[in-house]
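Structural overview for review
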Protein chains: 2
Amino acid sequence: MQQITGARPAVDRVASLKAMLAAGLGDRLIATEAVRRQYASSEGHHGEHLPDLVARPTCAQEVQSLVRTAANCGFPIVPYGAGTSLEGNAAAVTGGLCVDLTAMNRIIEVSAEDMLCVVEPGVTREQLNAELRGCGLFFPVDPGADATFGGMIATRASGTNAVRYGTMRENTLALKIVLADGTLIGTGSRARKSAAGYDLTHLFVGSEGTLGLIVEASVRLHGLPETVLAGSWPFETLDGAVRTVIATIQAGIPVARIELLDAAAIIACNRHAALGLPERPTLFIELHGSQGSVHEQLDFIHAVGAELGGGELARAVETEARSRLWKARHQALPAARAMIPGAVTWVTDVCVPISHLADAISRVQEAVARAGLFAPILGHVGDGNFHVFFVLPPDDREAWAKARAIEEAMVAQALSVGGTCTGEHGIGIGKREALVAEHGPEAVALMRRIKHAIDPHGLFNPAKLFPE
Amino acid sequence: MQQITGARPAVDRVASLKAMLAAGLGDRLIATEAVRRQYASSEGHHGEHLPDLVARPTCAQEVQSLVRTAANCGFPIVPYGAGTSLEGNAAAVTGGLCVDLTAMNRIIEVSAEDMLCVVEPGVTREQLNAELRGCGLFFPVDPGADATFGGMIATRASGTNAVRYGTMRENTLALKIVLADGTLIGTGSRARKSAAGYDLTHLFVGSEGTLGLIVEASVRLHGLPETVLAGSWPFETLDGAVRTVIATIQAGIPVARIELLDAAAIIACNRHAALGLPERPTLFIELHGSQGSVHEQLDFIHAVGAELGGGELARAVETEARSRLWKARHQALPAARAMIPGAVTWVTDVCVPISHLADAISRVQEAVARAGLFAPILGHVGDGNFHVFFVLPPDDREAWAKARAIEEAMVAQALSVGGTCTGEHGIGIGKREALVAEHGPEAVALMRRIKHAIDPHGLFNPAKLFPE
């Protein structure tokens, strides 16, 4: 596993900051090592980075106050949500003050009329959707984990519904942000569109906590569809499955979800949950709309895929039947993990223009086979986005080196066809060199100038995004 | 009409820059007053601002070179496209070098497979759609004029299709930009989504030429719908029409277009083109999809509106019949202009959360009636965005003052309900105070810091966006 370290604040500075912050936060300022250790790692494979202190503010004013205090001491500030990011995005690489925003978890407003809601950063997507039950609306962005809004916005997260409903980029309307000097600003508005000045909202969406702390967000809601039609569909070849997806997207069929599991992923799911699925590349499809339109759309997709090696297409409308059909998709990550006892998973992603998707996935599969690794592939294929789940024994250095080489080649290949080094996980500490390879040194220099203009002392989430 | 002036470059500096630029550009560097006068105004009401020089570069390298030369002389640079912006966005307020990008009008690539194209900034939307004819794809963003891509991106333009297909924000994938030191950077990628670093693309979309010059853009294309169904539909009251729109959007009906003309606009159209329409608030609707789905959707909308005072709903599928139905919508601006001979139009817009739309429009109508002005209202109502077309005798100072007061009240009201001071026209010179009212001084200060970080000497499009 990769280990990154940096200069940590000296012990006396920690003690001094602790005293100052504790005056306002009381027992919501924590220095106990056992507690700090809970914030030392996330779901990714980037090891442990222990923060010096942990603060649990309960309102924006407390965040402003603690930022001012830490800034006066030149103390690094690392925001933390559900801890489910995958690229070390919230790792306290240089120690510092970890700001756990999960206590700020109020749903401030739901406006069914304007199809939006206002949430604090610690609200999770499942919490919001539970709250919305019964009002005919839902929030569609669904990264694998039950992430917080602060984290999803900070990493420009997406998920299975993005092909139809967009990512956090399209679904974030407005933000409230605490800047490095403690100032609170508002960005965006409740309007669906605006041409009023620089798009600060979208500068903060995906900034991974390096520009300011998100203390409130207004996000779009969507109407629950009249009918949900699910399908699962094995293909003879990966190429046939992906070409079916490409033809579907190009025909403008508004699929809500179209996901791919490769044969290795299906094998893992069968072993894990005795699903008895054909061990072939399989598409999982979901359509949202009127009863007539969803079947019409799936008929179209079926006609296309039947000529490209599609086998038996299973359909379901009722909730339970749909859950059964999609079970493999939902269990893919734990199933993959269970294939090698004690293994660690390293999940990486790229996103390519859709015409290059089949080729990009095949190259990774071949490299994985050559390396003798186990690494199922799962794709949000409607967007050209796919994930590789390396399942690795934690201490097998050779296997980790091979996985790293495959990831590097996968990123290089994605960039060579105009794709991106990460579709939804972000840069964190894991893909900082790839950021430069993707955008070029001049564009990254511009990003650094923006960082410096907004956070001149480099307080927020140090050692992220940019190579040293 | 509003007049804004600033310190212009001295005559000898103009002569010196002229000599330097002419060495590279030859007769594509113009100092003749008659030609410069063509660039002194746009479609808006913001008067004449004569640039000192006009350059017509033909490639990115020429743009880099002229930016370097002008920057060395500290000479302002104002990009110019089709000249169709409405808020003085491309006005050479302090003189300087006007960079006419319309000679850079090559469509570099159309990728039908990846549903995107790459264009130079001088390509217009109609030029692109003509090129796309026959390949089953189209570009949906349609501001009233045949604007250039450079201009549409710079002002974050939208139009009638935005409710379904998004604005320039959603449809711009990647940019190439010449920065103030002549550096060429690339932003974004060809992937549909990315979590790789700061979203520079969306920082430049809507930056109104104040951060850099756009020399290339990759934009999304969409599949031509199988069926297009158009409707026109008069209502007893504006409130009934708007409430029909609100219910349609809230039900998740994917309308491609849903436009409102108020009774004054219909009166102007009848007078202008003898359309014989009922002189009542009228919705113009367009649905895109399969033959079954579009009729099913319009039936739903019809059922809703019939209970809200909707009269006879005319439907059409064939191209010519659809054009007839939509004729009033397409002629609204010239028809309004023709109502007062010799009049100037001042077109302004705001965008509000949709639940406030009927109230916002009614308030403006009442104020217009009280002021004794003629000002039809036209709305992209699916987005909560509406335009007021003040038709004003050019020298009637009192009428202009009344119009300004109505605009200010309209902006204040939009902001009071969480809307924005402009949905699609931008800030330019006309709404600079409104920018501060909308975002607050702290957020605007942050925008200024970003401006300073990217364009430290304030070369690009001076006196725009920010109040003096």
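Residues numbered from 1 in each chain as written. Chains lettered and ligands numbered in written order. Predicted model: local features only at pLDDT ≥ 70, side-chain atom pairs only at ≥ 80, totals over all residues.

With respect to the overall build of chain A
Each helix and strand counted, chain A has 16 helices and 18 strands in total. Expressed along its principal axes, the backbone C-alpha trace of chain A runs to roughly 70 × 55 × 45 Å. Classification of the 468 residues of chain A by burial places 58% in the buried group. The contacts in chain A between residues at least 6 apart in sequence include a share of 72% that link residues at least 24 apart. (Helix = DSSP H or I, 4+ residues; strand = E, 2+ residues; numbered from the N terminus. Buried ≥ 20, exposed ≤ 12 C-beta atoms within 10 Å, placed from the backbone. Contact = placed C-beta atoms within 7 Å.)

Let's talk about the interface of chain A and chain B
Listed as interface residues are 72 residues of chain A and, on the opposing side, 72 residues of chain B. Those elements that place two or more of their residues in the side of chain A that touches chain B are strand S9 (184-188), helix H8 (200-204), strand S11 (222-223), helix H11 (291-306) and helix H16 (432-454) of chain A. Residues that form the side of chain A that touches chain B fall into these classes: 26 nonpolar, 32 polar and 14 charged. (Nonpolar A, V, L, I, M, F, W, Y, C, P; charged D, E, K, R; others polar.)

A word on the sheet that holds strand S13 (residues 257-261) of chain B
All names here are of chain B. In space, the seven strands of this open sheet follow the order S15-S12-S14-S13-S17-S18-S16, with antiparallel pairing throughout. Lying at the two open borders of the sheet, with one neighbouring strand each, are strand S15 (314-316) and strand S16 (344-351). Each strand of the sheet is rotated relative to its neighbour by a mean of 15°, with strand direction disregarded. Note that strand S17 (residues 377-380) and strand S18 (residues 385-392) share four bridges and pair antiparallel. Along S18, the bridge assignment pairs His380 with Asn385. (Pairing = 2+ DSSP bridges. Axes fitted to C-alpha atoms, helices over the stretch in contact; angles between N-to-C directions.)

What about the domain arrangement of chain A?
Residue and element names in this part refer to chain A. Taken as a whole, chain A is organised into domain 1 (12-103), domain 2 (107-223) and domain 3 (227-416). Look at where the C-alpha atoms of domain 1 and domain 2 centre, and you get two points 22 Å apart. At the junction of the two partners, domain 1 supplies 19 residues and domain 2 supplies 21 residues. Going through the elements one at a time, helix H3 (60-72) and strand S3 (77-80) are the ones with two or more residues in the side of domain 1 that touches domain 2. Here the element with the most residues in the side of domain 1 that touches domain 2 is H3; it accounts for six residues. Here the side of domain 1 that touches domain 2 is built from residues that sort into eleven nonpolar, six polar and two charged. (Domains from an automatic or database assignment.)

What about the pairing of S16 of chain B?
All names here are of chain B. For S16, the buried fraction is high: seven of the eight residues fall into the buried class. Where S16 meets S18, eight bridges bridge the pair, whose relative direction is antiparallel. Considered in S18, the bridge of Thr345 is made with Val391.

Description of the confidence of the model for chain A
In this model, chain A carries an average pLDDT of 94, and 99% of its residues clear a pLDDT of 70 or more. Quick note on the complex model: pTM equals 0.96, ipTM equals 0.96. (pLDDT = per-residue confidence, 0-100.)

Points about the sheet that holds strand S2 (residues 53-55) of chain A
All names here are of chain A. Taking strand neighbours across the sheet as the criterion, the four strands line up as S1-S2-S4-S3 in an open arrangement whose pairing is mixed. The open sheet has two free edges, formed respectively by strand S1 (29-30) and S3, since each of these has just one partner strand. The sheet strands contacting helix H1 (residues 11-25) are S1 and S2, and the helix crosses S2 at an angle near 15°.

Describing the environment of Glu312 of chain A
Inspection of the secondary structure assignment puts Glu312 of chain A in the loop between H11 and strand S15 (314-316). Among the residues examined, Glu312 of chain A registers 8 C-beta atoms within 10 Å and is labelled exposed.

Overview of the packing of helix H10 (residues 263-273) of chain B against helix H13 (residues 327-337) of chain B
All names here are of chain B. Their axes nearest at 8 Å, the elements H10 and H13 cross at an angle of 85°. As the angle between them shows, H10 and H13 are arranged roughly perpendicular. Across the interface between the two elements, Ala265, Ile266, Ala268, Cys269, His272 and Ala273 from H10 touch Lys327, Ala328, Gln331, Ala332, Pro334, Ala335 and Ala336 from H13. Across the contact of H10 with H13, the residue classes tally to ten nonpolar, two polar and one charged. (Parallel < 35°, antiparallel > 145°, perpendicular 65-115°, else oblique.)

Describing helix H11 (residues 291-306) of chain B
If you check H11 of chain B, its first and last C-alpha atoms are 22 Å apart, about what 16 residues at 1.5 Å a residue would give, namely 22 Å. Those residues of H11 of chain B that are buried are in contact with H11 of chain A together with strand S12 (227-234), helix H9 (238-250), strand S14 (282-289) and S15 of chain B. (Expected span 1.5 Å × (residues − 1).)

Overview of the environment of Gly136 of chain A
Residues and elements named next belong to chain A. By the secondary structure assignment, Gly136 is in the loop between helix H4 (125-132) and strand S7 (137-138). Residue class for Gly136 comes out partly exposed when judged on the 15 C-beta atoms lying within 10 Å of it. With 86 residues separating them along the chain, Gly136 and His222 place their C-alpha atoms 8.4 Å apart. Residues in contact with Gly136, not counting those within four places in the same chain, are Gly223 and Leu224.

Remarks on the relation of the copies chain A and chain B
Expressed as a screw operation, the relation of chain A to chain B combines 0.0 Å of axial shift with a rotation of 180°, fitting to an RMSD of 0.0 Å. Both copies are brought into coincidence by an operation consistent with a two-fold rotation axis. (Least-squares fit on C-alpha atoms with pLDDT ≥ 70 in both.)

Quick look at the pairing of strand S4 (residues 97-100) of chain B
All names here are of chain B. Every second residue of S4 is oriented toward a common face, with Leu97 and Val99 on one face and Cys98 and Asp100 on the other, all of them buried. Inspection of the sheet shows strand S2 (residues 53-55) paired to S4 by three bridges, in the parallel sense. Within S4, the position partnered with Val54 by the bridge is Cys98. Note that strand S3 (residues 77-80) and S4 share four bridges and pair parallel. Each bridged residue has a counterpart across the sheet, and for Ile77 the counterpart in S4 is Leu97.

A short note on unusual backbone geometry
With the exception of glycine, most residues fall at negative phi, and the peptide bonds are largely trans. Residues and elements named next belong to chain A. With a phi angle near 45°, Ala274 is a residue other than glycine that sits in the positive phi range. Turning to its location among the elements, Ala274 is positioned in the loop between helix H10 (263-273) and strand S14 (282-289). Judged by the 8 C-beta atoms lying within 10 Å of it, Ala274 falls in the exposed class.

Some details on H9 of chain B
All names here are of chain B. Taking 1.5 Å per residue, 13 residues should reach 18 Å; H9 reaches 18 Å between its end C-alpha atoms and fits that length. Here H9 has its buried residues at Leu238, Ala241, Val242, Arg243, Thr244, Val245, Ile246, Thr248 and Ile249. Looking at the buried side of H9, the elements it contacts are S13, S14, H11 and helix H14 (357-371). Remark: Gly252 follows H9 within two positions and exhibits a positive phi of approximately 75°.

A few points about the packing of helix H9 (residues 238-250) of chain A against helix H14 (residues 357-371) of chain A
Residue and element names in this part refer to chain A. Put simply, H9 and H14 touch, their axes get as near as 9 Å, and they point 150° apart. Classified by the interaxial angle, the pair formed by H9 and H14 is roughly antiparallel. Helix-helix and strand crossings are classified by hand; for H9 and H14 the assignment is right-handed. Contact residues: H9 offers Leu238, Asp239, Val242 and Arg243, while H14 offers Leu357, Ala358, Ile361 and Ser362. Residue classes in the contact of H9 with H14 are distributed as five nonpolar, one polar and two charged. (Left-handed = near helix turned anticlockwise from the far one by under 90°.)

Thoughts on the environment of Ser290 of chain B
Considering the arrangement of structural elements, one finds Ser290 of chain B in the loop between S14 and H11. Along the sequence, Ser290 of chain B and Leu229 of chain B sit 61 residues apart, while their C-alpha atoms lie 9.8 Å from each other. Aside from chain neighbours lying at most four places away, what touches Ser290 of chain B is Glu296 of chain A together with Glu226 and Thr227 of chain B.

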